[in-house]
Amino acid sequence: YVYIHRWWKSLGLAEELKLLRDQPLKWYTWPMAVLQDPRMSQQRIELAKCISFVYVIDDIFDVYGTIEELTLFTQAVKRYFI
């Protein structure tokens with residue numbers, strides 16, 4: 001958890017966008033429940049980082065973005081994955 005906390009703080013996103021949830025412990029708890037083997041530490045860290053960005057995108061959709069901006073963002077993501 002300490003590594004995720006430091007990583008999140010070093011990004012500075014929570015300071016730039018006050019609307020974001022600042023919950024690195026919650027983000028790390030999910031991978032701990034799924035990847036319980038002590039040898040999977042690095043995988044837990046990487047999964048927690050991905051989860052944090054899912055929460056960032058969710059917060060932007062819920063609070064920050066306009067319909068037009070979110071439509072453009074969604075189209076860009078679709079183009080990337082299709």
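Residues numbered from 1 in each chain as written. Predicted model: local features only at pLDDT ≥ 70, side-chain atom pairs only at ≥ 80, totals over all residues. Heavy atoms only, no water.

(A) Representation of helix 3 (residues 24-34) within the structure. For helix 3, every residue scored as buried is listed here: Pro24, Trp27, Tyr28 and Pro31. An end-on view of helix 3 places all buried positions within 90 degrees of arc, on one side of the element. Tucked inside the fold, the buried residues of helix 3 contact helix 1 (2-11) and helix 4 (41-64). (Buried < 20%, exposed > 50% of the residue type's maximum accessible area, 1.4 Å probe, protein only. Helix = DSSP H or I, 4+ residues; strand = E, 2+ residues; numbered from the N terminus. Arc of directions from axis to C-beta. Contact = heavy atoms within 4.5 Å.)

(B) Representation of the side chain of Ser52. Following the sequence through the fold, Ser52 ends up in helix 4. Here the side chain of Ser52 touches Lys49 through a polar contact of 2.6 Å, landing on its backbone oxygen. Once residues within four sequence positions are removed from consideration, Ser52 is found in contact with Trp7, Trp8 and Trp27. (Polar contact = N/O pair within 3.5 Å; in protein donor to acceptor, adjacent residues only side chain to side chain.)

(C) Looking closely at the environment of Arg44. Structurally, the position occupied by Arg44 is in helix 4. Arg44 gets classed as buried once you look at its relative accessible area, which sits at 9%. At a separation of 2.8 Å, a polar atom in the side chain of Arg44 contacts the main-chain carbonyl oxygen of Leu35.

(D) Structural context of the packing of aromatic side chains. Considering all chains together, one arrives at 6 aromatic pairs under this definition. Seen from their ring centres, Trp7 and Trp8 are 6.3 Å apart, and the 45 degrees between their planes marks the pair as tilted. For the residue pair Trp7 and Trp8, the accessibility class agrees, reading buried in each case. Plain terms: the ring middles of Trp8 and Trp27 are 4.7 Å apart, the flat faces sit at 75 degrees to each other, and that makes the pair edge-to-face. Of the two residues, Trp8 sits in helix 1 while Trp27 sits in helix 3, which places them 19 residues apart along the sequence. Assigned by exposure class, Trp8 and Trp27 land together as buried. An aromatic cluster of at least three residues, connected via ring pairs, comprises Trp7, Trp8, Trp27, Phe53 and Tyr55. (Phe/Tyr/Trp six-rings, centres within 6.5 Å; stacked < 30°, edge-to-face > 60°.)

(E) Structural view of the nonpolar core. Core analysis: the biggest nonpolar cluster contains 8 residues, these being Trp7, Trp8, Ala14, Leu20, Trp27, Ile51, Tyr55 and Val56. When residues of this core are traced back to their parent elements, those giving at least two are helix 1 and helix 4. Here the element with the most residues in this core is helix 4; it accounts for 3 residues. With sequence-adjacent residues up to four places away left out, Leu20 is seen in contact with Trp8, Leu13, Ala14, Val56 and Asp59. (Core = buried A, V, L, I, M, F, W, Y, C linked by side-chain atoms within 4.5 Å.)

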